[in-house]
Amino acid sequence: FYLVTLVDSTTYRVVEITGAPNSPTVLGSDTLGSQQGTWSVGTIFLSGAPQSGTNVTIDTVAPRIMNAVYRSGHIYCTLTCDGDSDGDSDVFWAKIATTSGVTNGGTNLADSGFIKGSTSGAWTFMPSININSRGEILICYTQSSSSQFPDMRYVFRNPSDASGFFQGPVVA
């Protein structure tokens, strides 16, 4: 069992736990931070996303990891942040390698990236990620702006796609 938790604006901790639920054992923990390159999520974004027709904003639930999936020695996870510090929230996704375990720096960032809004001023937030047995990845998220009502979108990635690449967004 793995836990991924926020330490500060550029550092997350991966904790590995084993054993039965009534007697768990913490095997160790490791940190992923800005020293690992693109893990830096930029500004931890805590204010609400705008939506058309009202001044009421939407809670982006940032910077919590919304979900994580484990497959073939990797943890896939997503969260909301402001990756480029432009004032609009972005979806951050990461693929964390755990094949060496978490003790003694055994985890590393295998791949990561951002999903920005498809128009200027659009916010992307509340992401979820999943991967199937073929290695195809889908990220679902919400997009809104002061001139756009919230809508659900998704992006898809084939195993043959370049590292960090997702195909264009689709409105669900």
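The notes below deal with the structure included here. (Residues numbered from 1 in each chain as written. Predicted model: local features only at pLDDT ≥ 70, side-chain atom pairs only at ≥ 80, totals over all residues. Heavy atoms only, no water.)

Points about the environment of Gly117
Here comes step 1: Here Gly117 is to be found in the loop between β9 (108–115) and β10 (123–131).
Here comes step 2: Take Gly117: its relative accessible area is 21%, and that puts it in the partly exposed class.
Here comes step 3: Beyond its immediate sequence surroundings of up to four residues, Gly117 is in contact with Ala122, Thr124 and Gln143. (Helix = DSSP H or I, 4+ residues; strand = E, 2+ residues; numbered from the N terminus. Buried < 20%, exposed > 50% of the residue type's maximum accessible area, 1.4 Å probe, protein only. Contact = heavy atoms within 4.5 Å.)

Here's the deal with the environment of Asp84
Here comes step 1: Within the element layout of this structure, Asp84 appears in the loop between β7 (74–81) and β8 (90–97).
Here comes step 2: For the pair Asp84 and Lys116, spaced 32 residues apart in the sequence, the C-alpha separation amounts to 9.6 Å.
Here comes step 3: Among residues more than four places away in sequence, those in contact with Asp84 are Asp90 and Lys116.
Here comes step 4: Here the side chain of Asp84 touches Lys116 through a polar contact of 2.9 Å, side chain to side chain. (Polar contact = N/O pair within 3.5 Å; in protein donor to acceptor, adjacent residues only side chain to side chain.)

Digging into the sheet that holds β9
In a beta sheet, neighbouring strands pair by backbone hydrogen bonds and run either parallel or antiparallel.
Here comes step 1: One open sheet holds the four strands; their spatial order is β6-β7-β8-β9, and the pairing between them is antiparallel. The open sheet has two free edges, formed respectively by β6 (67–71) and β9, since each of these has just one partner strand. Neighbour-to-neighbour, the strand axes of the sheet open up by a mean angle of 20°, direction not taken into account.
Here comes step 2: The pairing of β8 with β9 spans seven bridges and is classified as antiparallel. Following the sheet pairing, Ala97 is matched in β9 by Asn108. (Pairing = 2+ DSSP bridges. Axes fitted to C-alpha atoms, helices over the stretch in contact; angles between N-to-C directions.)

Comments concerning the nonpolar core
Here comes step 1: In terms of nonpolar packing, the biggest core is built from 13 residues, with Val4, Val14, Ile75, Leu79, Phe92, Ala94 and Ile96 touching the most fellow members.
Here comes step 2: Elements with a contribution of two residues or more to this core: β2 (11–18), β7 and β8.
Here comes step 3: Considering each element in turn, this core owes the most residues, four residues, to β7.
Here comes step 4: Of all hydrophobic cores here, the second largest spans twelve residues; its members include Trp93, Ile115, Ile129 and Ile137. (Core = buried A, V, L, I, M, F, W, Y, C linked by side-chain atoms within 4.5 Å.)

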